[in-house]
Amino acid sequence: MASAIEVLGKQALKTFSDRRLCQKNLDKLLSLINKITADDVKLDKNILDYVSRQPAPMCVMDIFENKDITIAIFILKHGVRMPMHDHPGMHGLLKVISGMVELSSYSLKTKSDHVIKAKEEIAAVRHRPVCLDSNSAACTFTPTEKNLHEISCVEGPAAFLDILSPPYDVDEFGKGTRP
């Protein structure tokens, strides 16, 4: 019998292997990721304590990557803020599995290819910040919605499962790799 993370990974592959996103597959993926726990990915107190003692502010554990998806776990120390960043042309799901984070996100109001020139002003819609813990539903972002975001650990260490599609190093429709 396949583990919960294997079932999730297979559904992520099914959902994102075709660039035309099928809502039915995405809904099933969201249902599965919302059931994932720290136990499902073998994340226990010893690992969280170990990360807390390290000098780095965060740790990333890669689970799977191919040409269609990246699945990883991020562990942030208490009080650490992952700086504002985006995922150009990508879809993402973020599910907290331990601790609590605050997610602040923005949707860019631009039709461009996400390549922003130095000192260029870009308008964005600010979404209400949300606090997420292991009982919270997964957050989603798309190439145009909530794609610009920062994550702060408010109760930690905090860990979240992240699914991105396509990965950063995959050519984006002939435009080259993402910045």
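Caption draft 1: Fine view of the pairing of strand β2 (residues 70-76). Of all seven residues in β2, seven are buried, a share of seventy percent or more. Burial along β2 is two-sided: Thr70, Ala72, Phe74 and Leu76 and Ile71, Ile73 and Ile75, pointing in opposite directions, are all buried. Taken together, the seven bridges between strand β1 (residues 58-65) and β2 define a ladder with antiparallel strand orientation. Looking at the pairing, Glu65 lines up with Thr70 of β2. Count of turn residues in the β1/β2 antiparallel hairpin: four residues.

Caption draft 2: Fine view of unusual backbone geometry. Cis rather than trans, the peptide bond between Gly156 and Pro157 has omega equal to 15 degrees. The topology assignment puts Pro157 in strand β8 (residues 148-165). That bond from Ser165 to Pro166 is cis: its omega, -15 degrees, falls within 30 degrees of zero. Assignment of secondary structure puts Pro166 in the segment after β8. Notably, Lys42 is not glycine yet its phi reads approximately 60 degrees, a positive angle. Its location among the elements puts Lys42 in the loop between α2 (23-33) and α3 (45-53). When its relative accessible area of 66% is taken as the criterion, Lys42 is described as exposed. One non-glycine residue, Lys146, lies in positive phi territory at about 60 degrees. Along the chain, Lys146 turns up in the loop between β7 (139-141) and β8.

Caption draft 3: Focus on the environment of Pro166. A relative accessible area of 8% means that Pro166 is categorised as buried. Residues Pro166 and Gly92, 74 residues apart in the sequence, show an inter-C-alpha distance of 9.0 Å.

Caption draft 4: Structural detail: the packing of aromatic side chains. With the rule as written, the count across this model stands at one aromatic pair. Ring plane angle 10 degrees and centroid distance 5.3 Å describe the contact between Phe74 and Phe160, whose orientation is recorded as stacked. With Phe74 in strand β2 and Phe160 in strand β8, this pair connects stretches of sequence that are 86 residues apart.

Definitions and limits used
- Residues numbered from 1 in each chain as written.
- Predicted model: local features only at pLDDT ≥ 70, side-chain atom pairs only at ≥ 80, totals over all residues.
- Heavy atoms only, no water.
- Buried < 20%, exposed > 50% of the residue type's maximum accessible area, 1.4 Å probe, protein only.
- Helix = DSSP H or I, 4+ residues; strand = E, 2+ residues; numbered from the N terminus.
- Pairing = 2+ DSSP bridges.
- Phe/Tyr/Trp six-rings, centres within 6.5 Å; stacked < 30°, edge-to-face > 60°.

Scope: geometric values only; no functional claims are made or implied.
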